[in-house]
Amino acid sequence: MSHNPYISVVIPVHNEQEVLEELYSRLTRALDKLGKTYEIILTNDGSTDKSSQMLQEFHQRRPEQIRVIEFNGNFGQHMAIMAAFERVRGQIVITMDADLQNPPEEIGKLVDAMERGHDVVNTYRQDRQDSWWRLQVSKWHNKLRAWMMPKLKMQDEGCMLRAYSRQIVDLMASTGESATFIPALALTYASNPTEVGVAHAERQAGTSSYNLYALIRYNFDLVTGFSVFPLQVFTMIGLLISLCSFAFVVFLVLRRLIHGPEVEGVFTLFAIMFFLCGIILFGLGIVGEYVGRIYQEVRKRPRFVVRHVLEQPAVEPVEGKIINAEVA
Ligand code: UDP
Ligand code: MG
């Protein structure tokens, strides 16, 4: 290859041995068909199955196009993407999942949209094929997010098949945050984003790496990473409750003056106490989320550790790179 590629496809891989072979053949076929130069960067995020050997083999099959980043452990999907972002050589960067839920045949649509001058192309899943509870969680979460973070304009945040301009990718890679949500981060830098609909398929094989707990954690990352809304809601609720409690105290004092002392109503007081305790605990939890995040950032631990990278050296100097941080 005499030039840096035009398209970089970035894929995080965590225990995906069942789907990798099909991913390889469908993705390379779809990209070959586009007739543009490309590279595929696969980050092995601490897989414990045969994924690592398979990726190594893919690199041997097409050493010029396939690059493999091997993590030293499991650092999460978004860090796996970040590690690839720090190394991309293409002008248009596409992210996608390894499990083929986002068909690689749709990449052409994203590239077309980028070529029309957009710097971020988001997608929404048409005919989403997921379990009922995942659909419900997503639906409510998307609604809540739209309400809490109106600036993040996307219909469907869960779909990872997206395209970014190189400039946006370099900006994202330079942030250095360790708990982040890439599509939201991209939108904060985008000047001309758009959305296109893409097909969605059921997971072909293997299992989702996310259970309910991981999904909840992931959503906390999104909400607390991009807004202080929960803190503000908390202040407002606290204020409202204080006002109500004050009115209630005035009411009790007046009642006592008119009717004299009353013993009944102890349970009402208990109920109010429990309610207030609940609110306080919840508030502490939210403050804790932010404090935890600050703690993570101030420790300045590497966001991820790369064991080795399988790739051929860049042909041209990588232009306009903002970052140079190498944590290896
Ligand atoms: N993934 C990863 N590290 C993880 C979890 C997931 O790199 O700790 C990858 C996984 O291999 C896949 C993508 O992230 O390519 C999305 O994961 P998955 O399909 O399990 O999530 P879902 O589609 O259920 O949200
Ligand atoms: Mg998936």
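Not measured: the values here are computed from a predicted model.

### Details of empty space enclosed by the protein
Here the idea is plain: a probe the size of a water molecule rolls over the atoms and shows the empty space left. For the structure shown, the criterion picks out 1 cavity of 30 Å³ or more. Considered as a void within the structure, the largest cavity measures approximately 40 Å³ in volume. Lining the largest cavity are Ile 11, Leu 23, Tyr 24, Leu 27, Ile 40, Leu 42, Phe 58 and Ile 66. With 3 residues, the single largest contributor to the lining of the largest cavity is helix α1 (residues 17-34).

### Here's the deal with the site of ligand 1
Among the 17 residues in the neighbourhood of ligand 1, the closest are listed as Glu 16, Asp 45, Asp 99, Ser 208 and Ser 209. One nitrogen or oxygen atom from the side chain of Asp 45 is found 2.6 Å from a nitrogen atom belonging to ligand 1. Within the contact set of ligand 1, an oxygen atom lies 2.8 Å away from a backbone nitrogen or oxygen of Ala 98. When isolated, ligand 1 has an accessible area of 530 Å², and the protein chains bury 92% of it.

### Side note on the packing of helix α3 (residues 77-85) against helix α7 (residues 182-189)
Contact pair α3 / α7: the axes reach a minimum separation of 10 Å and the direction vectors enclose 50 degrees. Relative to α7, α3 is oriented oblique. Taken together, the residues of α7 that come into contact with α3 (itself represented by His 78, Ile 81, Met 82 and Phe 85) are Ile 182, Pro 183 and Leu 185.

### With respect to the pairing of strand β4 (residues 92-95)
Where burial is concerned, the two faces of β4 agree: the one with Ile 92 and Ile 94 and the one with Val 93 and Thr 95 are both buried. In terms of strand pairing, strand β1 (residues 7-13) meets β4 through 4 bridges, oriented parallel. Following the sheet pairing, Val 9 is matched in β4 by Ile 94. Pairing of β4 with strand β6 (residues 162-165) involves 4 bridges; the strand directions are antiparallel. In the sheet register, Thr 95 faces β6, and the bridge partner there is Arg 162.

### Some points on the coordination of the magnesium ion (ligand 2)
Within the protein, the magnesium ion (ligand 2) binds to Asp 99 (OD) and Gln 101 (OE1); these donor distances fall in the range 1.9 to 2.3 Å. Accessibility assignment for this pair places Asp 99 and Gln 101 in one class, buried.

### Details of the packing of aromatic side chains
A complete count under the given rule lists 5 aromatic pairs for this structure. Residues Phe 248 and Phe 251 carry aromatic rings whose centres are separated by 6.3 Å and whose planes lie at 25 degrees to one another, so their mutual orientation is stacked. Taken together, the positions of Phe 248 and Phe 251, both in helix α9 (residues 229-259) and 3 residues apart, correspond to about one turn of that helix. In this structure Phe 248 comes out as partly exposed when scored by relative accessible area, which is 30%. Among the aromatic residues, those joined into a ring-pair cluster are Phe 71, Phe 75 and Phe 304. Seen from the ring of Tyr 24, Arg 61 lies directly overhead, with NZ or CZ sitting 4.6 Å from the centre. Across from the ring centre of Trp 140, 4.6 Å away, lies the NZ or CZ of Lys 143, which sits over that ring.

### Digging into the environment of Asp 97
Tracing the sequence through the fold places Asp 97 in the loop between β4 and α4 (107-115). Asp 97 sits in the buried class, given a relative accessible area of 16%. Once the C-alpha coordinates of Asp 97 and Gly 283 are considered, the two residues, 186 residues apart in sequence, prove to be 35 Å apart. Discounting chain neighbours no more than four positions away, the residues touching Asp 97 are Ile 11, Leu 23, Gln 77, Asn 102 and Met 160. There is a polar contact of 3.4 Å between the side chain of Asp 97 and the side chain of Gln 77.

### With respect to the sheet that holds strand β5 (residues 120-126)
Spatially, 8 strands are ordered β7-β5-β6-β4-β1-β2-β3-β8 in an open sheet, and the strand pairing comes out mixed. Either end of the sheet is taken by a strand with one partner, and the two such strands are β7 (193-199) and β8 (306-310). Strand-to-strand twist in this sheet, taken as the mean axis angle between neighbours without regard to direction, amounts to 20 degrees. Note: β5 against β6, 2 bridges, orientation antiparallel. Each bridged residue has a counterpart across the sheet, and for Val 120 the counterpart in β6 is Tyr 164.

### Some thoughts on the confidence of the model for the chain
Looking at the chain as a whole, the pLDDT averages 85, with 95% of positions reaching at least 70. Throughout residues 322-328 the model reports pLDDT below 50, and contacts reaching past four residues in sequence, or to other chains, amount to 13 contacts.

Rules behind the numbers
Residues numbered from 1 in each chain as written. Chains lettered and ligands numbered in written order. Predicted model: local features only at pLDDT ≥ 70, side-chain atom pairs only at ≥ 80, totals over all residues. Heavy atoms only, no water. 1 Å grid on protein atoms, 1.4 Å probe; cavity = no way out; pocket = protein on both sides within 12 Å on 5 of 7 lines; lining within 4 Å. Points joined across faces, edges and corners; volume = space filled by probe spheres on them. Helix = DSSP H or I, 4+ residues; strand = E, 2+ residues; numbered from the N terminus. Near = heavy atom within 4 Å. Polar contact = N/O pair within 3.5 Å; in protein donor to acceptor, adjacent residues only side chain to side chain. Areas by Shrake-Rupley, 256 points an atom, 1.4 Å probe, with all protein chains shown as cover. Axes fitted to C-alpha atoms, helices over the stretch in contact; angles between N-to-C directions. Parallel < 35°, antiparallel > 145°, perpendicular 65-115°, else oblique. Contact = heavy atoms within 4.5 Å. Buried < 20%, exposed > 50% of the residue type's maximum accessible area, 1.4 Å probe, protein only. Pairing = 2+ DSSP bridges. Donors = N, O, S within 2.8 Å, 3.2 Å for Na, K, Ca; no water. Phe/Tyr/Trp six-rings, centres within 6.5 Å; stacked < 30°, edge-to-face > 60°. Lys NZ or Arg CZ within 6 Å of the ring centre and 35° of its normal. pLDDT = per-residue confidence, 0-100.

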